[in-house]
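Listed below, chain by chain, are the residues.
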Amino acid sequence: MSPPTLSDIPDLYAFLGDRDAMHHTRHDESFAACRKRVFVHEWRRRHDGFAPWVVRRAEQQDIIGWGGLYIDPFDPGWGPELGYYFHPKGWGQGYASELARAAIDFANDFTGLEALTAFAHPENTPSRKLLLRHGFAHIDFVPAMNRDRFGLSLHRG
């Protein structure tokens, strides 16, 4: 996992711009929109000390995901969030769980955050299970987002 670079955008757009792959979340309507989303998050990294990482498979070094900790610059009212977005070739292989664990550990060890929020579409059973498995608790349903909201209290140190 590493911060994204300009050269990563085409590989990120391959799935972040795919309406079918991102059917449980938002997708980027254009390459320019994807580039903007990624680099606005990167701008936030300088302010917050964290932002989504690019996820690569260790063996092939190909990009299969994007996510981690962030405060959504496009909808900042929810506080620090855990989010994850994966190329279909990475689904069901444990990458999201690995990313979630790394992000939670980073939040506990390197930030002063007290809690995290995460969202999952009601029909996205694997995502809901992942959040519960990593200690998140269901808080409520957010009708405007058509998402369930989950929360996790952090224990630093």
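Residues numbered from 1 in each chain as written. Predicted model: local features only at pLDDT ≥ 70, side-chain atom pairs only at ≥ 80, totals over all residues. Heavy atoms only, no water.

1. Structural notes on the nonpolar core
The nonpolar side chains of a soluble globular protein tend to be buried with one another.
Then comes step 1: One finds Leu82, Tyr84, Phe86, Leu116, Leu131, Phe136 and Leu154 to be the most contacted residues of the largest nonpolar core, which totals 26 residues.
Then comes step 2: If you tally residues by element for this core, the top one is helix 3 (residues 95–110), at seven residues.
Then comes step 3: Aside from chain neighbours lying at most four places away, what touches Leu154 is Ile104, Ala107, Asn108, Leu113, Glu114, Ala115 and Leu116.
Then comes step 4: Counting residues in hydrophobic clusters, the runner-up holds 13 residues, among them Phe15, Ala21, Trp66 and Tyr85. (Core = buried A, V, L, I, M, F, W, Y, C linked by side-chain atoms within 4.5 Å. Buried < 20%, exposed > 50% of the residue type's maximum accessible area, 1.4 Å probe, protein only. Helix = DSSP H or I, 4+ residues; strand = E, 2+ residues; numbered from the N terminus. Contact = heavy atoms within 4.5 Å.)

2. Considerations on the side chain of Asp48
Then comes step 1: Here Asp48 lies in helix 2 (residues 31–48).
Then comes step 2: Accessibility expressed as a relative area gives 17% for Asp48, which makes it buried.
Then comes step 3: A polar side-chain atom of Asp48 sits 2.7 Å from a polar atom in the side chain of His47. (Polar contact = N/O pair within 3.5 Å; in protein donor to acceptor, adjacent residues only side chain to side chain.)

3. With respect to the pairing of strand 2 (residues 63–71)
Then comes step 1: Extensive coverage of strand 2 is indicated by the burial of nine of its nine residues.
Then comes step 2: The sheet contact formed by strand 1 (residues 53–56) and strand 2 spans four bridges and is antiparallel. By the bridge assignment for strand 2, Val55 is matched with Gly65.
Then comes step 3: Connecting strand 1 to the next strand, strand 2, in antiparallel fashion are six residues, including Gln61 with a positive phi near 65°.
Then comes step 4: Bridge count between strand 2 and strand 3 (residues 80–86): seven bridges; the pairing is antiparallel. Across the sheet, residue Gly65 finds its bridge partner in strand 3, namely Phe86. (Pairing = 2+ DSSP bridges.)

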